[in-house]
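Chain by chain, the residues run as shown.
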Amino acid sequence: MEHKISVVINTYNAEEKLTQVLDTVKDFDEIVICDMESTDSTLDIARRYGCKIVTFPKGEHKSAEPARTFAIQSATHDWVLVVDADELIPTELKDYLYKRISSQDCPQGIYIPRKNYFMGKPYCYPDYQLRFFIKEGTVWPPYVHTFPTVNGKLEHIDKKEKQLAMIHIADDSIATYIKKTNEYTDNEVIKRSGKKVGVVKLLFSPFWRFFHFYIVKGSWKYGMAGFVISVLNGFYKFATLAKIIENNNKSKP
């Protein structure tokens, strides 16, 4: 039996890096572009590569997560690889995935390590993402920074196999990172609606997030860039908790 893989990419005004991304996935069996009503040349680029194009209304959505399940179920084949519009897939990873699904002990989902960049330097490796799985029964929660629910066994690619890691080429500026923080934390409030947050949590949770990124995940190894991104991650946590407090106060009579 021949095993085939559909690559699924959610897009919104992704023209800047999409050609680069599609060049790395063009040899898979199918590419599905789930577009949220782009106004740039995203769809023209997708058509040039022969992608299957489906549309999900953008509405007030500020992230791709609400469209993930729809995009996955739009794929033709049983196996799905979800790729963001700013991620590259090495040939070694493609070959590994095809080999893995041909084996008898293949799991139903695979966590893939990802290389991230900030201020021109790598940081926080491995950043594991659950991006490869069987289509049947997989559901992706409609909230930012969530992983899909996959029916079956899961496994991680060994972090030592760095040639198998996805490459995240966003390398956002600090201004862009702060802008995304504001947008994404709005969605975090929806996800955590009704959750109680006190002063102690507001004080210590951001510090722990900073500590986790800087010390536990080793961002200290990347100098000033590692320190800055760790502080920004702590701020992300602080903004999330502060907005939850703000939202809870609005709900009080």
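Residues numbered from 1 in each chain as written. Predicted model: local features only at pLDDT ≥ 70, side-chain atom pairs only at ≥ 80, totals over all residues. Heavy atoms only, no water.

Novice: Hey, could you run me through helix H6 (residues 199-216) in this one?
Specialist: In an α-helix, one turn spans 3.6 residues, which is why side chains three or four residues apart end up on the same side. Helix length check: H6 (18 residues) gives 25 Å between terminal C-alpha atoms against 26 Å at 1.5 Å per residue, within 8%. Of the positions making up H6, those classed as buried are Leu202, Ser205, Pro206, Phe210 and Phe213. For H6, the arc enclosing every buried residue in end-on projection is 130 degrees, short of the 170-degree limit, so these residues lie on one face. Residues Val199, Val200, Leu203, Phe204 and Phe207 are exposed on H6 and point more than 90 degrees away from its buried face. Backbone geometry just after H6 places Gly218 at a positive phi near 80 degrees. (Helix = DSSP H or I, 4+ residues; strand = E, 2+ residues; numbered from the N terminus. Expected span 1.5 Å × (residues − 1). Buried < 20%, exposed > 50% of the residue type's maximum accessible area, 1.4 Å probe, protein only. Arc of directions from axis to C-beta.)

Novice: Explain the packing of aromatic side chains to me, please; I cannot follow it from the model alone.
Specialist: Within this structure, the stated rule accounts for 12 aromatic pairs. Ring centres 5.8 Å apart and planes at 50 degrees place the aromatic pair Phe56 and Phe70 in the tilted group. One end of the pair, Phe56, is in the loop between strand E3 (52-55) and helix H3 (65-73); the other, Phe70, is in helix H3, with 14 residues separating them in the sequence. Exposure remark for Phe56: the relative accessible area of 17% places this residue in the buried category. (Phe/Tyr/Trp six-rings, centres within 6.5 Å; stacked < 30°, edge-to-face > 60°.)

Novice: Explain the side chain of Glu188 here, please?
Specialist: Within the element layout of this structure, Glu188 appears in helix H5 (residues 174-191). A distance of 2.8 Å separates a polar atom in the side chain of Glu188 from a polar atom in the side chain of Tyr236. Leaving out residues up to four positions away in the same chain, Glu188 has contacts with Val144, His145, Tyr236 and Thr240. (Polar contact = N/O pair within 3.5 Å; in protein donor to acceptor, adjacent residues only side chain to side chain. Contact = heavy atoms within 4.5 Å.)

Novice: Help me understand the pairing of strand E1 (residues 5-11) in this model?
Specialist: Consecutive residues of a regular strand have side chains that alternate between opposite faces of the sheet. E1 sits mainly inside the fold: seven of its seven residues count as buried. Of the two faces of E1, the one holding Ile5, Val7, Ile9 and Thr11 and the one holding Ser6, Val8 and Asn10 are both buried throughout. Pairing analysis gives six bridges linking E1 to strand E4 (residues 79-84), with the strands arranged parallel. Counted as the bridge partner of Ile9 is Val83 from E4. (Pairing = 2+ DSSP bridges.)

Novice: Please clarify how a nonpolar patch on the surface should be interpreted in this entry.
Specialist: Taken together, the side chains of Met119, Ile174, Ile178, Met224, Phe227, Val231, Phe235 and Phe238 present a nonpolar region at the surface, about 710 Å² in accessible area. Looking at the nonpolar patch, the elements with two or more residues in it are H5 and helix H7 (223-251). In terms of residues, the nonpolar patch owes the most to one element, H7, which gives five residues. Assignment of secondary structure puts Met119 in the loop between strand E7 (114-118) and strand E8 (121-123). On the basis of relative accessibility, which here comes to 43%, the residue Met119 falls in the partly exposed class. (Patch = residues over 30% accessible without salt bridge, like charges linked within 9 Å, V, L, I, M, F, W, Y side chains within 5 Å. Areas by Shrake-Rupley, 256 points an atom, 1.4 Å probe, with all protein chains shown as cover. Salt bridge = Lys/Arg side-chain N within 4 Å of Asp/Glu carboxyl O.)

Novice: Would you take a moment to explain unusual backbone geometry for this structure?
Specialist: Negative phi characterises most residues that are not glycine, and trans characterises most peptide bonds. Of note, the phi angle at Asn13 is positive, near 50 degrees, even though the residue is not glycine. Within the secondary structure, Asn13 sits in the loop between E1 and helix H1 (15-25). With relative accessibility at 30%, the residue Asn13 sits in the partly exposed group. Unlike most non-glycine residues, Glu37 shows phi in positive territory, near 60 degrees.

Novice: Could you clarify how one ought to interpret the sheet that holds E1 in this entry?
Specialist: Note on sheets: strands pair through backbone hydrogen bonds, and any given pair is parallel or antiparallel. The seven strands are arranged E3-E2-E1-E4-E9-E6-E10 in an open sheet whose pairing can be described as mixed. Single-partner strands in this sheet number two, and they are E3 and strand E10 (154-156). Averaged over neighbouring strand pairs, the angle between their axes works out to 25 degrees when direction is ignored. Sheet topology note: the E4/strand E9 (residues 129-134) ladder contains three bridges and is antiparallel. (Axes fitted to C-alpha atoms, helices over the stretch in contact; angles between N-to-C directions.)

Novice: Which parts of the structure should I look at to understand H1?
Specialist: Residues of H1 that are buried: Lys17, Leu18, Val21, Leu22 and Val25. Buried residues of H1, seen end-on, are gathered within an arc of 145 degrees and therefore sit on one face of the element. Residues of H1 that are buried make contact with E1, strand E2 (30-35), helix H2 (42-48), E4 and strand E5 (87-88).

Novice: Mind showing me how you'd approach the sheet that holds E7 here?
Specialist: If you walk across this open sheet you meet the four strands as E5-E11-E7-E8, and the pairing is mixed. The open sheet has two edge strands, E5 and E8, and neither has a second partner. The sheet contact formed by E5 and strand E11 (residues 166-168) spans two bridges and is antiparallel. Residue pairing across strands places Leu88 opposite Ile167, the latter belonging to E11.

Novice: Looking at this structure, I do not really get the nonpolar core. What am I missing?
Specialist: As a rule of thumb, soluble globular proteins bury nonpolar side chains together. Ranked by internal contacts, the top residues of the largest apolar core, which has 50 residues, are Ile5, Ile9, Leu22, Leu81 and Phe132. When residues in this core are grouped by element, the largest group, five residues, is from E4. If sequence neighbours within four positions are ignored, Ile5 has contacts with Phe28, Asp29, Glu30, His77, Trp79, Leu81, Leu97, Tyr98, Ile101 and Phe132. Judged by nonpolar contacts, the second largest core, of nine residues, contains Phe118, Tyr177, Phe213 and Ala225. (Core = buried A, V, L, I, M, F, W, Y, C linked by side-chain atoms within 4.5 Å.)

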